[in-house]
Amino acid sequence: MVYMRQYLSRKSRTIRIIFGILLLVILMYLLSTYNKETNYTFDSPIAARLSHRERPKLVSGLGNFEPKQIDEVEGPGEGGKPYHLRQDQQNDADQSESEYGMNVACSDEISLDRTILDTRLSECKHWDYPENLPSTSVIIVFHNEGWSVLLRTVHSVINRSPPNILKEVLLVDDFSDKENLKGRLEGYIEQFNGKVRLIRNSQREGLIRTRSRGAKEAKGEVIVFLDAHCEVNTNWLPPLLAPIYRDRTVMTVPVIDGIDHKTFEYRPVYGEDRHFRGIFEWGMLYKENEVPQRELSTRKHNSEPYKSPTHAGGLFAINREYFLELGAYDPGLLVWGGENFELSFKIWQCGGSIEWVPCSRVGHVYRSFMPYNFGKLAQKKKGPLITINYKRVIETWFDDKYKEYFYTREPMARFLDMGDITDQLALKSRLKCKNFQWFMENVAYDVLDKYPELPPNIHFGEMRSVAVSKCLDTLGHAPPSLMAIQHCHGFGNNQLIRLNAKGQLGVGERCIEADAQGIKLAFCRMGTVDGPWLYDENTHTMLHRVHKKCIALHPQTSHLSLMPCDINNAYQQWIFKEIRPK
Ligand code: LR7
Ligand code: MN
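Given the structure is predicted, the values throughout are model-derived calculations rather than measurements. (Residues numbered from 1 in each chain as written. Chains lettered and ligands numbered in written order. Predicted model: local features only at pLDDT ≥ 70, side-chain atom pairs only at ≥ 80, totals over all residues. Heavy atoms only, no water.)

## Some details on the domain arrangement of the protein chain
Thought 1: By the assigned domains, the protein chain splits into domain 1 (78-82 + 109-365) and domain 2 (457-577).
Thought 2: Centre-to-centre, using C-alpha coordinates, domain 1 lies 42 Å away from domain 2. (Domains from an automatic or database assignment.)

Structure, rendered in structure tokens:
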């Protein structure tokens, strides 16, 4: 009996053990299938996958670099909050603002490792990125930047990038002459054990050529350019790299938040549900436009990247070899401006693409003014250097029809010497690049809605008063503001007035309109190119067709307003005088 009971209990134990093992096997099988699903192969169109696993919990793992926990740190500027200097520091603040275009004295008080607001869409925490993202060089070119501002850029990159992906931070000094930048920088970066590398130009090259040099010298598979006054946000790098990992001809652009130039407050650029992309007007000013539905509807999630015709210029990621295959930037572009368009048109027209990445956020300090001059490079050139750059770009990439829009909007550009673009045109045909019409129809299809084709100018130049021989002038004021009358200087700029075939009077990107207060500089109505003005070639009067009155100059006060037309009154007579670059 005793044996029997023992036998039975032994048997039931065996059954229990077998059952247990079976359960374990089933459990392991279930787990393994679950793993298979999460071990995603990253061949989706976005080379990443939105998972609903709880985050933040990964420090790294997959390609992520989400923080374990968000630290609440106390101190000046922590959390991206604005920092206000004491009254007795105001002199330093003013001095540094006039030297750098930003309050470097304020920046000096804020930790180089400060925390900032995570401005991403909440969805962004839940993306999984590939583990083997390409190694990356972050290239920062600088000319006379504030010490703490430059180094906070470096610290933020080191602190918020996955170390296994970040190959190096490459600092390229464009011939700065500030003592601290010349002397102390090598010593400072030693603490980064070789992760931060510094090279210097032996003469001033301007930011465009300096970036091309940085690209050549970089060691990473991907290069990311940043201005020297940025702070990168949480897990900024993997989302920028994933689309390039999928396709090496994609260039990616982070969403750019603002850092206040007075208080260093870190501010999200716009709210959760809105997306913008880079476009341009016909004078080649960079503009942003809400992303058209046609683009958004191709995506499944609101935080996915979307296509953009162009970008602001400073902050982007690109496969290094691809960038060099495209000839880097046109070496004929000087110092500043237009290079963002050159690269964008080149990429799109020659088979690549540009994507803006909502889950990658980087803050940038917008300065109050440009604190540096263009150096010797500008002195060698006749005419405004930025317009010369634009001319090179449009002469290379635009079709004839579109070139005409540029020359209508910027009439003096026709007479500027842009140098030789043979190499650029050769590159364009060697890479079998598409024409601009293709780009306008397939990529930048929202541009013409905002900036329609421009009717030709009937007149452009100075608009001179016959009575006093002085010129209509914006005085450089922002609209809405009264137009004034000034000594004619012959340089154009604020005195370069255009009258187009549809009755619009324009100065630069603005329009001239009239109300009860007088003749005013105003914002042109978006999407329109017509206006109320009718110029009489014989009487030299400028009629407002709606008010049925003419532009008149007050003989005593010089105030400009609409008056009942009097064709014999010299104070209502205007003559257009064409001007040429000096
Ligand atoms: O001669 C120079 N040499 C340089 O190395 C002049 C400048 N630089 C450095 C400078 O120190 C800085 O790090 O180049 C970088 C960019 O110069 P900024 O900050 O004066 O340019 P910006 O921010 O005023 O202008 C925008 O347009 C430029 C056009 O050429 C560049 O593309 C900038 O990178 C670009 N900045 C951005 O896109 C940031 C977002 C702003 C917007 C819109
Ligand atoms: Mn900048």
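On we go from here.
## Some words on the pattern of salt bridges
Thought 1: Summed over the entire model, instances satisfying the criterion amount to 37 salt bridges.
Thought 2: E66 serves as the salt-bridge partner of R120, at 2.9 Å between the closest nitrogen and oxygen. Of this pair, R120 sits in the loop between α3 (104-109) and β2 (127-128) while E66 sits in the loop between β1 (49-50) and α2 (90-100); the two residues are 54 residues apart in sequence, bridging distant segments of the chain.
Thought 3: Across the pair E99 and K178 runs a salt bridge, and its minimum N-O distance is 3.0 Å. Of this pair, E99 sits in helix α2 while K178 sits in the loop between β4 (166-173) and α5 (179-183), placing them 79 residues apart in sequence.
Thought 4: When salt bridges that share partners are traced, they join E66, D118 and R120 into one network. (Salt bridge = Lys/Arg side-chain N within 4 Å of Asp/Glu carboxyl O. Helix = DSSP H or I, 4+ residues; strand = E, 2+ residues; numbered from the N terminus.)

## Observations concerning the pairing of strand β21 (residues 510-515)
Thought 1: The pairing of strand β20 (residues 505-507) with β21 spans 2 bridges and is classified as antiparallel. If you follow G506 over to β21, its bridge partner there is C511.
Thought 2: Where β20 hands over to β21, the hairpin turn is made up of 2 residues, of which G508 adopts a positive phi near 55°.
Thought 3: Where β21 and strand β22 (residues 518-522) come together, 5 bridges link them in antiparallel fashion. Paired with C511 across the bridge in β22 is A522.
Thought 4: Count of turn residues in the β21/β22 antiparallel hairpin: 2 residues. (Pairing = 2+ DSSP bridges.)

## Notes on the coordination of the manganese ion (ligand 2)
Thought 1: Distances from the manganese ion (ligand 2) to its protein donors, D227 (OD), H229 (NE2) and H364 (NE2), fall at 2.2 to 2.3 Å.
Thought 2: When the donors of the manganese ion (ligand 2) are listed by position in the chain, the intervening gaps give D-x1-H-x134-H. (Donors = N, O, S within 2.8 Å, 3.2 Å for Na, K, Ca; no water.)

## Things to note about the site of ligand 1
Thought 1: Residues in contact with ligand 1 amount to 25 residues; listed here are only the nearest, E145, R211, E339, R367 and Y372.
Thought 2: In this structure, an oxygen atom belonging to ligand 1 sits 3.0 Å away from a main-chain N or O atom of H143.
Thought 3: Taking G314, its main chain carries an N or O atom lying 2.8 Å from an oxygen atom of ligand 1.
Thought 4: For the shell around ligand 1, the secondary-structure elements that each account for two or more residues are β3 (136-142) and α7 (206-217).
Thought 5: Tallying contributions element by element places α7 first for the shell around ligand 1, with 3 residues.
Thought 6: Class assignment for the residues of the shell around ligand 1 results in 11 nonpolar, 7 polar and 7 charged. (Near = heavy atom within 4 Å. Polar contact = N/O pair within 3.5 Å; in protein donor to acceptor, adjacent residues only side chain to side chain. Nonpolar A, V, L, I, M, F, W, Y, C, P; charged D, E, K, R; others polar.)

## Structural notes on the sheet that holds strand β24 (residues 542-544)
Thought 1: The antiparallel open sheet is built from 4 strands, whose spatial order is β23-β24-β25-β26. In this open sheet, the two strands that pair with only one neighbour each are β23 (533-535) and β26 (560-563). Strand-to-strand twist in this sheet, taken as the mean axis angle between neighbours without regard to direction, amounts to 40°.
Thought 2: Bridge count between β23 and β24: 3 bridges; the pairing is antiparallel. Within β24, the residue paired with Y535 across the bridge is M542. (Axes fitted to C-alpha atoms, helices over the stretch in contact; angles between N-to-C directions.)

## Let's talk about the packing of helix α13 (residues 385-397) against helix α15 (residues 422-430)
Axis angle and axis distance: for two packed helices, these are the angle between their axes and the distance between the axes, and together they describe the pair.
Thought 1: With their axes 9 Å apart at the nearest point, α13 and α15 run at an angle of 35° to one another. Note on packing geometry: the crossing formed by α13 with α15 is right-handed. Across the interface between the two elements, R392, E395, T396 and W397 of α13 pack against Q424, L425 and K428 of α15.
Thought 2: When grouped by side-chain class, the residues that make up the contact of α13 with α15 number 2 nonpolar, 2 polar and 3 charged. (Left-handed = near helix turned anticlockwise from the far one by under 90°. Contact = heavy atoms within 4.5 Å.)

## Section: unusual backbone geometry
Thought 1: Cis geometry is found at the peptide bond from P479 to P480, where omega equals -5°.
Thought 2: Among the secondary structure elements, P480 is positioned in the loop between β16 (471-473) and β17 (481-482).
Thought 3: In this structure, K432 is a non-glycine residue whose phi angle is positive, near 50°.
Thought 4: Mapped onto the fold, K432 is located in the loop between α15 and α16 (436-442).
Thought 5: Accessibility expressed as a relative area gives 71% for K432, which makes it exposed.
Thought 6: Even without being glycine, S469 reaches a positive phi, approximately 55°.
Thought 7: Looking at the element boundaries, S469 is found in the loop between β15 (457-465) and β16. (Buried < 20%, exposed > 50% of the residue type's maximum accessible area, 1.4 Å probe, protein only.)

## Digging into the state of the cysteines
Thought 1: Taken as a whole and judged by the stated rule, the model has 5 disulfides.
Thought 2: Bridging C124 to C359, the disulfide has an S-S length of 2.1 Å. Across the S-S bond of C124 and C359 the torsion is about -85°, and the bridge reads as left-handed. Of this pair, C124 sits in the loop between α3 and β2 while C359 sits in strand β14 (residues 353-365); the two residues are 235 residues apart in sequence, bridging distant segments of the chain.
Thought 3: Given the relative accessible area of 1%, C124 is considered buried.
Thought 4: A sulfur-sulfur distance of 2.1 Å marks the disulfide that ties C350 to C433. In this structure the cystine formed by C350 and C433 twists about its S-S bond by roughly 100°; its chirality is therefore right-handed. (Disulfide = S-S within 2.5 Å.)

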